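Next come the chains, spelled out residue by residue.
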Amino acid sequence: MTRIFQYLMTFGAALLMVCTLSSMQQKAPKKGWIKLFDGKSLDGWKVGENASTFTVEDGAIVVFGPRAHLFYDGPVQNHNFKNFQYKATVMTKPGANSGMYIHTEYQQDGWPSKGYEIQVNNSHTDWHRTGSVYGIQDVKEAPAKDDKWFTQEITVNGNKITVKVDGKTINEYTVPAEGGKLSSGTFALQGHDPKSKVYYKDIMVKILPD
């Protein structure tokens, strides 16, 4: 009886240690780049109106169709990010308009009302070019070209938004203490209009300390 009791005590202690370590691992901040898109499906992403605007083809999200927004809704950070580095490899077709939202939240329809849009647009009739903090601090000359892959990286650290294209800083915006829209939230990809076609792949995030 004593041996059985000792065995149960030992087993219980080991089980408690495993559970504690598992809990610590879940709470510990993840380091390095974390993939948000698996390259095969839209698992972990959520779209409201006009869901057919987003498809997956050859390892990329294809954005082509009526206005729609695809929100990251997956498990990383419980899709709620404050300070981070976020990047995607992008290709625009001629005349295309799109964008990547930060600090936003899911909406069934309409243009996202929360957060900031970082523009993706190299030749659309809208003059706000790739890298613009749309409507707030805009870029007038496209830093990338249509039909070629480029990397766009967005860093939020405190009240500062930094946008890089192919490793070159093209926009730095400091959000004012009052009236700014930085808080926390998820990411979203924009489908702008039925004539715009844009590809996104290698979508990743690196969590920065608060």
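Residues numbered from 1 in each chain as written. Predicted model: local features only at pLDDT ≥ 70, side-chain atom pairs only at ≥ 80, totals over all residues. Heavy atoms only, no water.

## What about the environment of H69?
Line of reasoning, step 1. In this structure, H69 sits in strand β5 (residues 68-72).
Line of reasoning, step 2. For H69, a relative accessible area of 4% gives the class buried.
Line of reasoning, step 3. For H69, the residues in contact, after removing those within four places along its chain, are K46, V47, G48, F54, Y101, G110, W111, P112, L189 and Q190. (Helix = DSSP H or I, 4+ residues; strand = E, 2+ residues; numbered from the N terminus. Buried < 20%, exposed > 50% of the residue type's maximum accessible area, 1.4 Å probe, protein only. Contact = heavy atoms within 4.5 Å.)

## Thoughts on the sheet that holds strand β2 (residues 45-47)
Line of reasoning, step 1. The 5 strands are arranged β2-β5-β12-β7-β8 in an open sheet whose pairing can be described as antiparallel. Of all strands in the sheet, those with a lone pairing partner are β2 and β8 (116-120), marking the two edges. Averaged over all pairs of adjacent strands, the angle between strand axes in this sheet comes to 25 degrees, irrespective of strand direction.
Line of reasoning, step 2. With 3 bridges joining them, β2 and β5 adopt antiparallel strand pairing. Bridge pairing in β5 links V47 to L70. (Pairing = 2+ DSSP bridges. Axes fitted to C-alpha atoms, helices over the stretch in contact; angles between N-to-C directions.)

## Observations regarding the nonpolar core
Line of reasoning, step 1. Ranked by internal contacts, the top residues of the largest apolar core, which has 39 residues, are I161, L189, Y200 and I203.
Line of reasoning, step 2. In this structure, L189 is in contact with W45, F54, I61, A68, H69, L70, Y86, G99, M100, Y200 and I203, ignoring residues within four places of it in sequence. (Core = buried A, V, L, I, M, F, W, Y, C linked by side-chain atoms within 4.5 Å.)

## Digging into the side chain of D193
Line of reasoning, step 1. Note on placement: D193 falls in the loop between β12 (186-191) and β13 (197-207).
Line of reasoning, step 2. K195 provides the closest opposite charge to the buried, unpaired D193, separated from it by 7.2 Å.
Line of reasoning, step 3. Within the structure, D193 has its side chain in polar contact with the side chain of H192 (distance 2.6 Å).
Line of reasoning, step 4. Side-chain polar atoms of D193 contact the side chain of S196, separated by 2.8 Å.
Line of reasoning, step 5. When near neighbours in sequence (up to four residues on either side) are disregarded, D193 contacts G65, N97 and H124. (Lys, Arg positive; Asp, Glu negative; His and termini not counted. Salt bridge = Lys/Arg side-chain N within 4 Å of Asp/Glu carboxyl O. Polar contact = N/O pair within 3.5 Å; in protein donor to acceptor, adjacent residues only side chain to side chain.)

Shape descriptors only; they carry no functional weight alone.
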